[in-house]
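Secondary and tertiary structure notes
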Protein chains: 2
Amino acid sequence: MNNNRYCVIMAGGVGTRFWPKSRKSKPKQFLDILSTGRSFIRSTYERFLPIIQPENFLIVTNRAYRDQVLEHIPELKPEQILCEPIGRNTAPCIAYAAYVLKKKNPDAQMIITPSDHLILNEVNFHAVVEECAEFTANNDKLLAVGIKPSRPDTGYGYIQKSSNDSISRVKCFTEKPSLEVAQTFIECGEFLWNAGIFIWRADSIIKAFEKHLPEHYALFAAIEDKIGTEQEVAAIEQVYTECKSISIDYGIMEKADNVYVHNSDFGWSDVGTWGSVHQLSRKDRYANALSHEGCFTYDTRNSLVSVPEGKVAVINGLRDYIVVDTEDVLMICPRSEEQSIRKYIDDVRFAKGEEHI
Amino acid sequence: MNNNRYCVIMAGGVGTRFWPKSRKSKPKQFLDILSTGRSFIRSTYERFLPIIQPENFLIVTNRAYRDQVLEHIPELKPEQILCEPIGRNTAPCIAYAAYVLKKKNPDAQMIITPSDHLILNEVNFHAVVEECAEFTANNDKLLAVGIKPSRPDTGYGYIQKSSNDSISRVKCFTEKPSLEVAQTFIECGEFLWNAGIFIWRADSIIKAFEKHLPEHYALFAAIEDKIGTEQEVAAIEQVYTECKSISIDYGIMEKADNVYVHNSDFGWSDVGTWGSVHQLSRKDRYANALSHEGCFTYDTRNSLVSVPEGKVAVINGLRDYIVVDTEDVLMICPRSEEQSIRKYIDDVRFAKGEEHI
């Protein structure tokens, strides 16, 4: 394995879309929503283990989740977990990791990945990462992994490639498009899903920050010598208090002119909604995704039922519903109303405080 | 208060209609399904306390529920609880209590009541009981309490009265009729609901057993001298093993010719179904009966939601549903399918054993 390659797992998410199963105290990356036998973050770690040395992993997370990260990946040494005091989206997270790695190894290459996605074909994935890492090893190129789209999904970001080569220059980035636009993207054949996986040298992305996010660059550059010292925590606290929240896509990828995309296809999903969980789950002959064999359904179709292990669920007469039961919250919601979860959370918070959130 | 009057509370029920809230280990009489602040059995006890001396209560129950009865009515002395080894319907239950009371007091009058019904107008109820007790105090008459019906309910038994006097001879008993028959009953005006409340002298009902259920009579008469001794438990065990399961209505009331009915009206329900719970509960402006203020409903109508205290329920898009959540079972079922609960129980038992029943 190449000693210069580092895997940076971004695990600071506090998403609410899987409420009530996901909680502020236990967000999606620590859950096993697809019942694979391991959490998303554990799966992500294990996915990279065959191609990255164990000491070359970095996990960036909120300090509130530090202990949970260690629970799920006990192999980590404490210094492999970078703690953010507050979430500031992906750009500061990546800057922090870049400075840590640059200090450790001037030739460090970062393979950046979300902690809560699904990848089905790992062999193919490893080959893609290898190709991407070779492509960016000795130059100043920023590379994103793009996924051949299989449907006009309006929940994903899109990347327009400029050729049919496996790696090509990016023409443009487009955030979640309308259905019409997504359909033209699919027909046109030039657009790939943005998987949120990035590969580049640490010094390359730092250079990109200097050019495109100079305020962020200045904040991190000013504390560079404190990284790896006892002053790191206080310095990072200060930086995060002052720096703006911004995504790496919006802050750098959309602006830089040295951006490339890999045209990949390895069975990927961001598992971003209960709908996608239903889609990805094993279903009975009535298209119901049931969390375990304790779910008894009658006249029920196209529904997702998630109840705790050991609990019995008897469900009669639901079509296209999501039923999620946890110890202290029960949610019953039509699949078409999934986007209302945010509203439910607001209503429950308003009436009952943070306890059930 | 009249020292000869005894209240016999029949509390051996193991009904399944309120599953999963009611369980074999905690049947309906020990629940507070209407959220009144006390269990059915406690309410029944307190309803009679103003008119029956505390030492004149007898509770007949399955031996498995003995401790629960004491929990709910700690005022009872141990000898006030008669334990049945197995359920044999109401006739053996009443025979047992009759022999116990006859031995205690040859002039004993029994006021027999189910343990799990609702009565709204207690003042009126007390007056009815007083009138019934006077009517049967010194003669050999068997008296049932009939309720003026308010709708052609097909879940109740009916008693045909022979006059408009408050107490009249019974023309006939009819078990759960069809809707058409129930409608003619209502129009005819001679029919009352059978509340399962009976009032008579202990020696009268024993005489009736001798005539109409001679096998039961023989079994109990043979162990009469063991009642109140250390041999009672073993003797009752033997009697229950040998005697047939039969209701007092079918076994005696329908056959005897000294049967009377009181024409009553005191706000009564047997609270026999989730539908009746919905009907009797306080409802929000969308006709939803919600178990507590932690139930958040959206686009939901005419539904009953029962979740444990302290748990949040978010319910979207249900019409005419029953949602009952307990620690280890969740049931979601259209109100029109309530009679399927028996089938659900069978299916769960077949797949998972007795644990959730």
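You'll find the structure just up there.
Numbers given to residues run from 1 along each chain, matching the order in which its sequence is written. By the order in which they are written, chains take letters starting at A while ligands take numbers starting at 1. Per-residue local features of the predicted model are confined to residues with pLDDT of at least 70, and side-chain atom pairs are confined, for both listing and counting, to 80 or more; whole-chain, interface and lining totals are unaffected and use all residues. Only hydrogens and water are set aside; all other atoms, that is, all heavy atoms of the structure, feed into the side-chain values.

For the rest of this paragraph, the subject is the overall build of chain A. Strands here are runs of E lasting at least two residues and helices are runs of H or I lasting at least four, both read from the DSSP assignment and numbered beginning at the N terminus. Scanning chain A from terminus to terminus reveals 11 helices and 17 strands. Scaling as 2.2 N^0.38, a compact globule of 357 residues should have a C-alpha radius of gyration of about 21 Å, and chain A matches this with 21 Å. C-alpha extents for chain A along the principal axes are approximately 60 × 50 × 35 Å. Note on classification: 1.4 Å probe, protein chains only; a residue is buried when its accessible area is under 20% of the maximum for its type, exposed when over 50%, partly exposed between these limits. Residues classed as buried in chain A amount to 56% of the 357 residues present. Residues are treated as being in contact if the distance between any of their heavy atoms lies within 4.5 Å. A sequence separation of at least 24 residues applies to 67% of the contacts in chain A between residues at least 6 apart. The Shrake-Rupley method, run with a 1.4 Å probe sphere, supplies the accessible areas, and residue values consider only the shown protein chains as cover. With the model as given, the accessible surface of chain A reaches about 15,300 Å², and the carbon-plus-sulfur share is 49%. When the 41 basic and 49 acidic side-chain charges of chain A are each reduced to a single mean position, those positions are 2 Å apart. The atom set for the radius of gyration is the C-alpha atoms, and the globule formula is 2.2 Å times the number of residues raised to the power 0.38. Within this scheme the basic residues Lys and Arg register as positive and the acidic residues Asp and Glu register as negative, but His and the chain ends are omitted. Every charge is mapped onto a representative atom, which is NZ of Lys, CZ of Arg, CG of Asp or CD of Glu.

Moving on: the packing of aromatic side chains. Residues and elements named next belong to chain A. Ring pairs are drawn from Phe, Tyr and Trp, using the six-membered ring of Trp, whenever the two centres fall within 6.5 Å, and their geometry is named by plane angle: stacked under 30 degrees, edge-to-face over 60, tilted for the rest. Within the structure shown, the criterion is met by 32 aromatic pairs over all chains. Consider the rings of Phe220 and Tyr240, whose centres lie 6.4 Å apart with planes at 85°: the pair is edge-to-face. Residue Phe220 is located in helix H7 (residues 214–222), and its partner Tyr240 is located in helix H8 (residues 232–242); the two are separated by 20 residues in the primary sequence. Residue Phe220 shares its accessibility class with Tyr240, and that shared class is buried. An aromatic cluster of at least three residues, connected via ring pairs, comprises Tyr96, Tyr99, Phe220 and Tyr240. Definition used: whenever NZ (Lys) or CZ (Arg) falls within 6 Å of the ring centre and also within 35 degrees of the ring normal, the charge is taken to sit over that ring. Lying across the ring of Phe40, Lys28 places its NZ or CZ 5.1 Å from the centre.

To continue, consider helix H1 (residues 40–48) of chain B. Residue and element names in this part refer to chain B. Buried residues dominate H1, accounting for 8 of its 9 residues. Taken together, the buried positions of H1 are Phe40, Ile41, Arg42, Ser43, Thr44, Tyr45, Arg47 and Phe48. Buried-residue contacts for H1 involve strand E1 (5–10), strand E2 (57–62), helix H2 (66–72), strand E4 (109–114), strand E5 (118–119) and helix H4 (122–136).

Residue and element names in this part refer to chain A. Disulfides are defined in this document as cysteine sulfur pairs within 2.5 Å. All chains considered together, the criterion is met by 0 disulfides over all chains. Cys93 provides the cysteine sulfur closest to Cys7, a residue in no disulfide bond, and the two sulfurs are 12 Å apart. Take Cys132: it sits in no disulfide, and the sulfur closest to it among the cysteines is that of Cys7, at 13 Å. Since its relative accessible area comes to 0%, Cys132 is described here as buried.

The next subject is the pairing of E1 of chain B. Regular strands place side chains that alternate from one sheet face to the opposite one. Residue and element names in this part refer to chain B. Counted residue by residue, E1 has 6 buried out of 6 residues, so it is predominantly covered. In E1, alternate side chains face the same way, and those of Arg5, Cys7 and Ile9 on one face and Tyr6, Val8 and Met10 on the other are all buried. Only when DSSP finds a minimum of two bridges between them are two strands counted as paired. Relative to E4, E1 runs parallel, the two sharing 6 bridges. Within E4, the position partnered with Ile9 by the bridge is Thr113. A clockwise path from the first strand over the helix to the second, with the strands pointing away from the viewer, defines a right-handed crossover. Handedness of the β-α-β unit built from E1, H1 and E2 comes out right-handed.

Superposing the two chain copies requires a rotation about an axis and a translation along that axis. The superposition of copies rests on a least-squares fit of C-alpha positions from residues with pLDDT of 70 or more in both. In screw terms, the move from chain B to chain A is a rotation of 179° and a rise of 0.0 Å along the axis, fitting with an RMSD of 0.1 Å. A rotation of that kind, with that shift, is consistent with a two-fold axis. Of the C-alpha atoms belonging to chain B, the one lying closest to the rotation axis is found on Glu327 of chain B, 4.0 Å away. When the interface residues of chain B are mapped onto chain A, 100% of them are again interface residues, pointing to one common binding face.

A word on the packing of helix H3 (residues 90–104) of chain A against helix H6 (residues 202–212) of chain A. All names here are of chain A. In this analysis an axis means a line fitted to C-alpha atoms, helices contributing only their contacting stretch, and an angle means the value between N-to-C directions, from 0 to 180 degrees. It is the contact of H3 with H6, at a shortest axis distance of 9 Å, that shows an interaxial angle of 130°. In terms of their interaxial angle, H3 and H6 are classed as oblique. The way H3 lies across H6 gives a crossing that is left-handed. Across from Ala91, Ile94, Ala95, Ala98, Tyr99, Leu101 and Lys102 in H3, the residues of H6 making contact are Ala202, Ile205, Ile206 and Phe209. Note that Gly is not counted as nonpolar here; it falls among the polar residues with everything else outside the nonpolar set of Ala, Val, Leu, Ile, Met, Phe, Trp, Tyr, Cys and Pro and the charged set of Asp, Glu, Lys and Arg. By residue class, the composition of the contact of H3 with H6 is 10 nonpolar, no polar and 1 charged. An angle below 35 degrees is read as roughly parallel, one above 145 as roughly antiparallel, one from 65 to 115 as roughly perpendicular, and any other as oblique. Crossings are classed by handedness, with left-handed meaning an anticlockwise turn of the near helix from the far one by less than a right angle and right-handed meaning a clockwise turn.

Another aspect to go through is the side chain of Thr300 of chain A. All names here are of chain A. Among the structural elements, Thr300 can be located in the loop between strand E13 (295–298) and strand E14 (304–306). Pairs of N or O atoms are called polar contacts if they sit within 3.5 Å, as long as, within protein, a hydrogen donor faces a hydrogen acceptor (for residues adjacent in sequence, only side-chain-to-side-chain pairs). Reaching out from Thr300, the side chain makes a polar contact with the backbone oxygen of Ile315 at a distance of 3.4 Å. Residues within four places of Thr300 in sequence aside, it is in contact with Tyr286, Asn288, Ile315, Asn316, Gly317 and Leu318.

What follows concerns the interface of chain B and chain A. Taken residue by residue, the interface counts 35 residues in chain B and 35 residues in chain A. Here the quantity called buried area is the total loss of accessible area, with a 1.4 Å probe, experienced by two parts when brought into contact, counted for both. Of the roughly 2,700 Å² buried where chain B meets chain A, counting both sides, 61% is carbon and sulfur surface. Salt bridge, as used here, is a side-chain nitrogen of Lys or Arg placed within 4 Å of a carboxyl oxygen of Asp or Glu. Where chain B packs against chain A, one counts 4 salt bridges. Across the contact surface, chain B and chain A share 24 residue pairs in polar contact (both at pLDDT 80 or more). Residue composition of the side of chain B that touches chain A, grouped by class: 20 nonpolar, 6 polar and 9 charged.

Residue and element names in this part refer to chain A. In this model, Trp19 is joined to Pro20 through a cis peptide bond whose omega is 5°. Within the secondary structure, Pro20 is located in the loop between strand E1 (5–10) and helix H1 (40–48). Look at Asn302: it is not a glycine, yet its phi comes out positive at around 50°. Following the sequence through the fold, Asn302 ends up in the loop between E13 and E14.

With that out of the way, let us pick up the pattern of salt bridges. Tallying each qualifying case throughout the model produces 48 salt bridges over all chains. Close ionic contact of Arg201 of chain A with Asp203 of chain A constitutes a salt bridge, the shortest N to O distance being 2.9 Å. Judged by relative accessible area, which is 9%, Arg201 of chain A ranks as buried. Owing to a relative accessible area of 26%, Asp203 of chain A belongs among the partly exposed residues under this scheme. The salt bridge partner of Lys24 of chain B is Glu354 of chain B, with a shortest N-O separation of 3.3 Å. On the criterion of sequence distance, the pair formed by Lys24 of chain B in the loop between E1 and H1 and Glu354 of chain B in the segment after helix H11 (341–352) is long-range, its members being 330 residues apart. A relative accessible area of 48% places Lys24 of chain B in the partly exposed class. Within the structure, one salt-bridge network assembled from shared partners comprises Lys24, Asp346, Arg349 and Glu354 of chain A.

Residues and elements named next belong to chain A. Where H3 meets H8, the axes come as close as 12 Å, and the angle between the chain directions of the two elements is 150°. Relative to H8, the element H3 lies roughly antiparallel. Crossing hand, H3 versus H8: right-handed. Residue-level contacts link Pro92, Cys93 and Tyr96 of H3 to Glu232, Ile236 and Tyr240 of H8. Partitioned by chemical class, the residues of the contact of H3 with H8 number 5 nonpolar, no polar and 1 charged.

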